[in-house]
Amino acid sequence: MLQKLEEVKKEFDSLLGSVKSMPEMAQFKADFLGKKGKLNALMGGMRELSVEDKKSFGARANLVKQDMLSAIDRQSQSLEMEVINAKLAANWQDISLTDKVKEKGQQAAGLHPLTKVTRELEDIFLSMGFDILDGPHIEDEYHNFEALNIPDSHPARDMQDTFWFKDKKHLLRTHTSNIQIRGMKQKKPPFKFVGPGKVFRCETLDASHEAAFHQLEGMMVGKDISVPHMIHFLRTLLSEIFKKEINVRLRPGFFPFVEPGFELDYECLLCGGKGCSVCKQVGWVEGLGCGMVHPKVLAGGGIDPNEWNGFAFGLGIDRLTMMRYHIDDVRHLHSGNLQFSEQFKAY
Ligand code: PHE
């Protein structure tokens, strides 16, 4: 019996090296260590041994089993590493390379479409004299809600929308409007700035909703700024982005930090207004929230509302990117799939 055990072990050792994939490994493990495997078959014969022999056979069989298990583990790990390394080698990119200096066998990196659109937006705003500001993803209640005139009872604060931290004071910012508050405290009017960035909401995911998405906040404060200024400005902006005149419509919208507040929709460029999954069959997409900055918000930011006024807006970058590049599902944008983002290299 002992001899047979050693033979099984030898067979195991000699075959292990030829196992080349994880499915093969599973089969190999079953052949030797499974219920109907070779080791169990030997154990079945133990009944016929004397008490003494049973003990020594049992002890050796256990050792052999442990050896086999750890050898399988080691081999499985290196098989997994091989798979990972092969994937890395196939998708290897030098992100410092551009298309122009592509060398043989190397893939040039491309910018993600969201990055492209964000940079384009920044260029447009820089050319109009705006500054570009940044704000934190992890925000406190004050900058995300309170200073924006969003009271405790406002539904936007609800657990369903907001990712709160355990301390109940910090959260993942639900919009880029926190940048308004931080910007006002940094600057003396007149000023104009934008702040692009990631925002987070606890949403059910579908073709047009993601839990993490991107906005661009804008704020312009000066003297005698009016709603028509704002509309003209936003229209110009959208036609700059899409490089053509596009239809927009303005609806009253409620945001506690602006008064009056509006929602600006633009014609769905994916279906040309006919209706599709992205515009929920209505032919229009919600493009941005906007309005005249609420006097309370200005005052909270240290700006005298009797002397200054202005407008603010929050533009959804993901949907804009989808319209721009005709992407029909927002989830592609966050898939991390290189084959997806590579399609945009040439644009
Ligand atoms: N913060 C608002 C939102 O997330 C958008 C907005 C920004 C509205 C600025 C008005 C002014 O939907």
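Summarised in this report is the structure supplied together with it.

Conventions we followed
Residues numbered from 1 in each chain as written. Predicted model: local features only at pLDDT ≥ 70, side-chain atom pairs only at ≥ 80, totals over all residues. Heavy atoms only, no water. Helix = DSSP H or I, 4+ residues; strand = E, 2+ residues; numbered from the N terminus. Rg over C-alpha atoms; globule rule 2.2 N^0.38 Å. Contact = heavy atoms within 4.5 Å. Lys, Arg positive; Asp, Glu negative; His and termini not counted. Charge placed at Lys NZ, Arg CZ, Asp CG, Glu CD. Patch = residues over 30% accessible without salt bridge, like charges linked within 9 Å, V, L, I, M, F, W, Y side chains within 5 Å. Areas by Shrake-Rupley, 256 points an atom, 1.4 Å probe, with all protein chains shown as cover. Salt bridge = Lys/Arg side-chain N within 4 Å of Asp/Glu carboxyl O. Buried < 20%, exposed > 50% of the residue type's maximum accessible area, 1.4 Å probe, protein only. Pairing = 2+ DSSP bridges. Axes fitted to C-alpha atoms, helices over the stretch in contact; angles between N-to-C directions. Parallel < 35°, antiparallel > 145°, perpendicular 65-115°, else oblique. Nonpolar A, V, L, I, M, F, W, Y, C, P; charged D, E, K, R; others polar. Phe/Tyr/Trp six-rings, centres within 6.5 Å; stacked < 30°, edge-to-face > 60°. Lys NZ or Arg CZ within 6 Å of the ring centre and 35° of its normal. Left-handed = near helix turned anticlockwise from the far one by under 90°.

### Structural notes on the overall build of the protein chain
When you go through the protein chain residue by residue, the secondary structure sums to 12 helices and 11 strands. Taking 347 residues into account, the globule formula puts the C-alpha radius of gyration at 20 Å, and the protein chain, at 31 Å, lies well above it. Within the protein chain, contacts between residues separated by at least 24 positions form 66% of all contacts whose residues are at least 6 apart in sequence. Separation of charge centres in the protein chain, based on 45 positive and 47 negative side chains, amounts to 4 Å.

### Quick word on a nonpolar patch on the surface
Side chains of Met81, Ile84 and Leu88 sit close together on the surface and give an oily, nonpolar patch of about 300 Å² of accessible area. Tracing the backbone shows isoleucine 84 in helix H4 (residues 51–90). Overall, the relative accessible area of 45% leaves isoleucine 84 in the partly exposed class.

### Regarding the pairing of strand E9 (residues 258–267)
Sheet topology note: the strand E8 (residues 248–252)/E9 ladder contains 5 bridges and is antiparallel. Bridge pairing in E9 links arginine 249 to aspartate 265. Hairpin connection from E8 to E9: 5 residues lie between these consecutive antiparallel strands. Where E9 and strand E10 (residues 284–293) come together, 8 bridges link them in antiparallel fashion. When the bridges of E10 are listed, glutamate 263 appears paired with glycine 289.

### What about the packing of helix H5 (residues 113–127) against helix H10 (residues 317–325)?
How two helices sit against one another is set out by the angle between their axes and by the gap between those axes. With their axes 9 Å apart at the nearest point, H5 and H10 run at an angle of 100° to one another. On the basis of their axis angle, the class for H5 and H10 is roughly perpendicular. Here Pro113, Leu114, Lys116, Val117, Thr118, Glu120 and Leu121 of H5 come into contact with H10, specifically with Ile317, Asp318, Leu320, Thr321, Arg324 and Tyr325. Tallied by class, the residues present in the contact of H5 with H10 amount to 7 nonpolar, 2 polar and 4 charged.

### As for the packing of aromatic side chains
Summed over the entire model, instances satisfying the criterion amount to 16 aromatic pairs. When the centroid spacing of 6.5 Å and the interplanar angle of 35° are considered together, the rings of phenylalanine 311 and phenylalanine 313 count as tilted. We classify phenylalanine 311 as buried; its relative accessible area is 1%. A residue is classified by how much of its surface remains accessible, and phenylalanine 313, at 1% relative accessible area, is buried. Through a chain of ring-to-ring contacts, three or more aromatic side chains come together here, namely Phe125, Phe130, Phe233, Phe311 and Phe313. If you follow lysine 223 out to its NZ or CZ, it ends over the ring of tryptophan 308, 4.5 Å from the centre. In this structure, arginine 324 packs its charged tip against the face of tyrosine 325, placed 5.6 Å from the ring centre.

### Concerning the packing of H5 against helix H8 (residues 227–242)
In contact at an axis separation of 11 Å, H5 and H8 are set at 130° when each is read in the N-to-C sense. Judged by the angle between their axes, H5 and H8 are oblique. The interaxial crossing formed by H5 with H8 has right-handed handedness. On H8, the residues that touch Glu120, Leu121, Ile124 and Phe125 of H5 are Phe233, Leu237, Glu240 and Ile241.

### Concerning the sheet that holds strand E11 (residues 309–316)
Reading across from one edge, E3-E6-E7-E11-E10-E9-E8 is the order of the 7 strands in this open sheet, with mixed pairing throughout. For this open sheet the edge positions go to strand E3 (131–132) and E8, each flanked by a neighbour on one side alone. Pairing of strand E7 (residues 212–222) with E11, which is carried by 8 bridges, proceeds in the antiparallel orientation. By the bridge assignment for E11, glycine 222 is matched with asparagine 309. Strand contacts of H8: E8, E9, E10 and E11, with the helix running at about 30° to E9, the strand carrying the most contacts.

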